[in-house]
Amino acid sequence: MDSKWEQATALLAQHGQEQLLQFYPQLSAASQAKLVDTILNLDFNKINNMLNNRPTAADHMEALDSIHAWDWDEFDVLEQEQFTQKGWELLRKGKVGALVVAGGQGSRLGHEGPKGTYDIGLPSHKSLFQLQAERLINLSKRAGTAIPWYVMTSPDNHRETVHFFNNHDFFGYAQEDCFFFEQGVMPALDESGKILMAAEDEISLAPSGNGDCFAALKRSGALDDLKRRGVEWLFYYNVDNALIKVADPVFIGVASHFNNPVATKVIEKVEPEEKVGVVCLKNGHPAVVEYNELPESIMYDRDDQGKLKYRLANLSIQLFRTDFIEKHAQTEIPYHVAHKKIPYVNSEGALTAPDKPNAYKFERHHFDFFPLADNLTVLLMKRDAEFAPVKNKEGVDSPFTARKMLFELHRSWLLAAGVPPERLATREIEVSPLVSYAGEGLDPLGVNF
Ligand SMILES: O=c1ccn([C@@H]2O[C@H](COP(=O)(O)OP(=O)(O)OP(=O)(O)O)[C@@H](O)[C@H]2O)c(=O)[nH]1
């Protein structure tokens with residue numbers, strides 16, 4: 001008898017998950033082997049922990065308080081210059097790396113393929129990955145040094161992501177400075193705690209959230225690579241922010257000046273009900289409270305100056321100190337549970353598409369590392385130059401809104417550079433990141449229309 005099969009059977013019996021081998025006898029030898037291997041790789045301790053430690057209402061009764069943020073516009077010109085120079089110095093010394101978390105499923109956008117490959121419809125038709133690569137190339141050239149770029153994928157999109165980079169010659173980025181690594185997955189569970197099957201020979205697995213990034217950096221050897229290169233700060237960002245200033249020198253300067261283990265960029269919420277997580281203190285520790293977890297009783301609270309008390313929107317733009325990542329690479333942060341519609345194979349072997357939420361998906365969020373830092377540097381910036389998320393196909397946070405924000409920002413750069421407004425009248429303005437990173441270096445005489 002196959003000993004792996006025996007091991008898998010025993011494991012499933014021990015954890016009450018025998019349904020996973022229900023279709024085993026009728027599978028091909030190859031499918032049988034694949035399924036058994038997947039089962040043996042499941043972390044049942046983690047799964048049971050999730051089932052037993054689901055957050056309860058009591059967990060949400062934390063004491064919240066506002067946190068201090070440094071408003072960039074309130075620094076004087078000299079201070080701004082000092083922070084910027086500090087950031088450039090760290091870039092020049094090769095102390096900064098970039099990490100894009102690109103392992104999500106992008107289900108709301110509904111794009112076939114990894115989200116970073118998405119073309120938001122700019123005149124250049126550059127993908128999100130290309131915009132990011134070119135911003136990094138701009139900085140790296142000016143700093144005269146490499147900026148290693150770590151790309152976190154998932155088992156679902158790893159091959160396609162690497163293929164896309166290869167097909168586009170890494171967008172001109174030095175191949176040896178790109179490091180692809182895969183995050184982990186977690187099984188989906190039905191409402192009685194049974195693991196779902198996606199096919200007769202396949203367990204329903206989904207990426208386990210961007211909070212897997214520290215552990216995945218370690219598992220993959222990317223953390224060793226960071227240390228070998230002497231990287232001290234890792235710039236963390238989402239793949240889907242069309243305006244992302246990857247490895248922003250300004251932010252690096254501020255983070256390194258205060259030297260807390262974690263720094264985060266925030267913007268002001270537009271209204272109390274805006275659906276963004278807020279950066280604040282939770283039980284005295286820095287934290288992000290998601291919009292659906294912020295009690296209505298405090299959502300509208302204002303401070304002495306009439307500003308919302310919980311107004312600092314989390315953008316998922318962070319700088320993590322490498323020693324902090326290393327310290328917490330194996331720290332277990334909590335899983336967040338999402339009740340979702342997840343297609344599954346029923347006990348008759350039929351693929352079933354539920355019309356209401358039927359199962360739980362488990363994800364860890366990178367911001368759950370915040371409370372582990374004694375202190376957090378919070379830098380408040382203006383939305384227009386920082387944040388254009390591409391989440392939905394249409395409406396808010398869509399390719400349309402992201403394009404519009406980018407056009408407006410780039411138009412403002414050209415106006416500031418002295419281009420007469422009438423020359424920009426009805427145009428869609430896109431400035432290549434290879435020409436300008438944040439509006440600098442634009443010579444109106446050199447701009448051709
Ligand atoms: O498991 C995950 C989940 C998310 N992420 C990354 O975290 C960032 C925020 O991810 P989102 O929470 O917006 O998820 P998503 O992009 O997968 O989109 P939906 O399915 O919710 O529509 C995105 O950059 C995403 O790729 C991961 O890297 N891994």
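Remember, predicted model here, so these are calculated numbers, not experimental data. (Residues numbered from 1 in each chain as written. Predicted model: local features only at pLDDT ≥ 70, side-chain atom pairs only at ≥ 80, totals over all residues. Heavy atoms only, no water.)

## Some remarks on the overall build of the chain
Keep this limit in mind: Put simply, DSSP H or I for four residues or longer makes a helix, DSSP E for two residues or longer makes a strand, and each gets a number counted from the N terminus. C-alpha atoms define the radius of gyration, and 2.2 Å times the number of residues to the power 0.38 defines the globule rule. With a 1.4 Å probe rolled over the protein chains alone, any residue whose accessible area is under 20% of its type maximum counts as buried; one over 50% counts as exposed, and the rest are partly exposed. What makes two residues a contact is simply this: any of their non-hydrogen atoms within 4.5 Å. Areas reported as accessible are Shrake-Rupley estimates using a 1.4 Å probe. Residue values count occlusion only from the protein chains shown. Residues counted as positive are Lys and Arg, residues counted as negative are Asp and Glu, and His and the chain ends are not counted. Every charge is mapped to an atom, namely NZ of Lys, CZ of Arg, CG of Asp or CD of Glu.
Check the secondary structure of the chain and you find 12 helices and 20 strands. Taken over the C-alpha trace, the chain has a radius of gyration of 23 Å; the compact-globule value for 449 residues is 22 Å, and the two agree within 12%. Dimensions of the chain, computed from the C-alpha atoms along their principal axes, are close to 75 × 50 × 45 Å. Within the chain, the fraction of its 449 residues that count as buried is 52%. At a minimum sequence separation of 6, the contacts of the chain that also span at least 24 residues come to 75%. Summing over all exposed atoms, the chain offers an accessible surface of approximately 20900 Å²; the carbon and sulfur share of this is 48%. Once the 46 positive and 63 negative side-chain charges of the chain are each reduced to a mean point, those two points are 3 Å apart.

## Things to note about the confidence of the model for the chain
Spelled out, the test is: The score called pLDDT rates the predictor's confidence residue by residue, from a low of 0 to a high of 100.
When pLDDT is averaged across the chain, the result is 94; 96% of the residues are at 70 or more. Confidence estimates for the predicted assembly give a pTM of 0.95 and an ipTM of 0.99.

## Some words on helix α9 (residues 249-258)
Most of α9 is tucked away, with eight of its 10 residues classed as buried. Those residues of α9 that fall on the buried side of the exposure criterion are P249, V250, F251, I252, G253, V254, A255 and S256. Two residues or fewer past α9, N259 is found with a positive phi of approximately 55°.

## Some remarks on the sheet that holds strand β7 (residues 189-190)
Definition in use: Only strands joined by at least two bridges in the DSSP assignment are considered to pair.
On the basis of which strands lie adjacent, the open sheet formed by three strands has the order β7-β19-β16 and antiparallel pairing. One side of each edge strand has no neighbouring strand; the edge strands of this open sheet are β7 and β16 (336-340). Both β16 and strand β19 (residues 359-363) contribute to a ladder of five bridges, which runs antiparallel. Looking at β19, one finds that H339 is bridged to Y360.

## Notes on the side chain of T84
Tracing the backbone shows T84 in helix α4 (residues 77-92). Relative accessible area serves as the criterion here: at 18%, T84 is assigned to the buried category.

## Details of the pattern of salt bridges
Operational definition: Any carboxyl oxygen of Asp or Glu that lies within 4 Å of a side-chain nitrogen of Lys or Arg is treated as forming a salt bridge with it.
Applying the stated criterion across every chain, the model contains 25 salt bridges. In this structure, R364 and E332 form a salt bridge, with 3.0 Å as the shortest nitrogen-oxygen distance. Placement of the pair is R364 in the loop between β19 and β20 (376-380) and E332 in the loop between α11 (322-328) and β16, with a sequence separation of 32 residues. The exposure class of E332 is exposed, given its relative accessible area of 55%. Three or more residues joined by partner-sharing salt bridges are found here, namely D177, D225, R228 and R229.

## Focus: the packing of aromatic side chains
Think of a pair of aromatic rings as described by two things: how far the centres are apart, and how the planes are tilted against each other in angle. Operational definition: Pairing of aromatic rings covers Phe, Tyr and Trp, the last counted by its six-membered ring, and requires centre-to-centre distances within 6.5 Å; plane angles under 30 degrees mean stacked, over 60 mean edge-to-face, and any other angle means tilted.
Inspection of every chain in the model, using the stated rule, returns 23 aromatic pairs. Arranged with centres 6.2 Å apart and planes meeting at 85°, the rings of F214 and F324 form a pair that is edge-to-face. In this pair, F214 is assigned in helix α7 (residues 213-220) and F324 in helix α11, connecting sequence segments 110 residues apart. On the accessibility criterion, F214 (1% relative accessible area) is buried. Of the aromatic side chains, those joined through ring pairs into one cluster are F129, W149, F164, F165, F170, F171, Y173 and F180.

## What about the packing of helix α1 (residues 3-15) against helix α2 (residues 29-41)?
Two quantities define a packed helix pair, namely the angle between the axes and the distance from one axis to the other. Spelled out, the test is: To get an axis, fit a line to the C-alpha atoms, keeping to the stretch in contact for a helix; angles then go from 0 to 180 degrees between the N-to-C directions. Throughout this description, any angle smaller than 35 degrees is read as roughly parallel, any larger than 145 degrees as roughly antiparallel, any in the 65 to 115 degree range as roughly perpendicular, and the remainder as oblique. By definition, any crossing whose near helix is turned counterclockwise from its far helix by less than a right angle is left-handed, and any crossing with a clockwise turn is right-handed. Ten residue types, Ala, Val, Leu, Ile, Met, Phe, Trp, Tyr, Cys and Pro, are classed as nonpolar, four, Asp, Glu, Lys and Arg, as charged, and the remainder, Gly among them, as polar.
Running from N to C, α1 and α2 cross one another at 50°; their axes reach a closest spacing of 9 Å. Taken together, α1 and α2 sit at an angle that is classed as oblique. Crossing angle aside, the handedness with which α1 passes α2 is left-handed. Packed against α1, whose contacting residues are K4, W5, Q7, A8, L11 and L12, the element α2 presents V36, D37, I39 and L40 at the interface. Per-class residue counts for the contact of α1 with α2 are seven nonpolar, one polar and two charged.

## Side note on the pairing of β19
With respect to burial, β19 is a largely interior element, four of its five residues being buried. Bridge count for β7 against β19 is two bridges, and the pairing is antiparallel. Following the sheet pairing, L189 is matched in β19 by Y360.

## Let's talk about the site of the ligand
Here is the rule: Proximity is defined per residue: if any heavy atom of the residue lies within 4 Å of a molecule or strand, that residue is considered near it. What qualifies as a polar contact is a pair of N or O atoms within 3.5 Å, subject to a donor-acceptor requirement within protein and to the restriction that residues adjacent in sequence count only when both atoms come from side chains.
Neighbouring the ligand are 19 residues; V101, S107, Q183, G209 and K391 lie closest to it. G104 is positioned such that a nitrogen or oxygen atom in its backbone is 3.0 Å from an oxygen atom of the ligand. Contact distances for the ligand include 2.9 Å between an oxygen atom and a backbone N or O atom of G106. Across the complex, the protein chains shield 87% of the 570 Å² of accessible surface that the ligand would expose by itself. Its residues assigned to classes, the shell around the ligand comprises five nonpolar, 10 polar and four charged.

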